[in-house]
Amino acid sequence: GNVYVETVAPKGNAARTGKVKEGDIVTMCSATFGEEMWSTRGVGLPRVLAAIRVRSGPVKLVFESQTQYEQKKAMTSKQIQAQADAAAAA
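Asker: Honestly, the overall build of the protein in this entry has me stumped. Any pointers?
Answerer: Scanning the protein from N- to C-terminus turns up 3 helices and 4 strands. Walking the protein from its N terminus toward its C terminus, one meets helices and strands in the order β-α-β-β-α-β-α. Taken along its principal axes, the extent of the C-alpha atoms in the protein is 55 × 30 × 20 Å. Looking at the protein as a whole, 21% of its 90 residues are labelled buried. Sequence separation of at least 24 residues holds for 45% of the intrachain contacts in the protein that already meet a minimum separation of 6.

Shown next as structure tokens:
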């Protein structure tokens, strides 16, 4: 499944930036080496943690808020409905 932020350590880097909130979804993570990122959607916590552990150098993560997730989910539903409506009208 997806990996969610359970808690933000009060004195940690995430808290200092103010950008990471409890409930956010980890959507991308640094690759084992290089500058590439990979999607963490649906891979589960053990795989994300393993990637972080083996990374040499700084780790970059990309987060999506619950609100952003719901908006994307709704947009997708609207697109599906629009396609169905267009097909029915044809």
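Asker: Just checking my understanding: could you explain the pattern of salt bridges for this structure?
Answerer: If the charged atoms of two oppositely charged side chains come close together, the side chains can form a pair. As enumerated under the stated definition, the model contains 2 salt bridges in all. Here Lys-60 makes a salt bridge to Glu-35, at a shortest N to O gap of 3.7 Å. Residue Lys-60 is found in the loop between α2 (45-54) and β4 (61-64), and its partner Glu-35 is found in the loop between β2 (25-30) and β3 (37-39); the two are separated by 25 residues along the sequence. Judged by its relative accessible area of 66%, Glu-35 is exposed.

Asker: Looking at this structure, I do not really get the side chain of Glu-64. What am I missing?
Answerer: By the secondary structure assignment, Glu-64 is in strand β4. Overall, the relative accessible area of 4% leaves Glu-64 in the buried class. Not counting chain neighbours up to four residues away, the residues in contact with Glu-64 comprise Asp-24, Ile-25, Thr-27, Arg-41, Tyr-69 and Lys-72.

Asker: Explain the nonpolar core to me, please; I cannot follow it from the model alone.
Answerer: One recurring pattern in soluble globular proteins: nonpolar side chains tend to sit buried together. Of all hydrophobic cores here, the largest spans 7 residues; its members are Val-3, Val-26, Cys-29, Ala-31, Trp-38, Val-48 and Ala-51. Residues in contact with Ala-51, not counting those within four places in the same chain, are Cys-29 and Trp-38.

Each value, and the rule that gives it
- Residues numbered from 1 in each chain as written.
- Predicted model: local features only at pLDDT ≥ 70, side-chain atom pairs only at ≥ 80, totals over all residues.
- Heavy atoms only, no water.
- Helix = DSSP H or I, 4+ residues; strand = E, 2+ residues; numbered from the N terminus.
- Buried < 20%, exposed > 50% of the residue type's maximum accessible area, 1.4 Å probe, protein only.
- Contact = heavy atoms within 4.5 Å.
- Salt bridge = Lys/Arg side-chain N within 4 Å of Asp/Glu carboxyl O.
- Core = buried A, V, L, I, M, F, W, Y, C linked by side-chain atoms within 4.5 Å.

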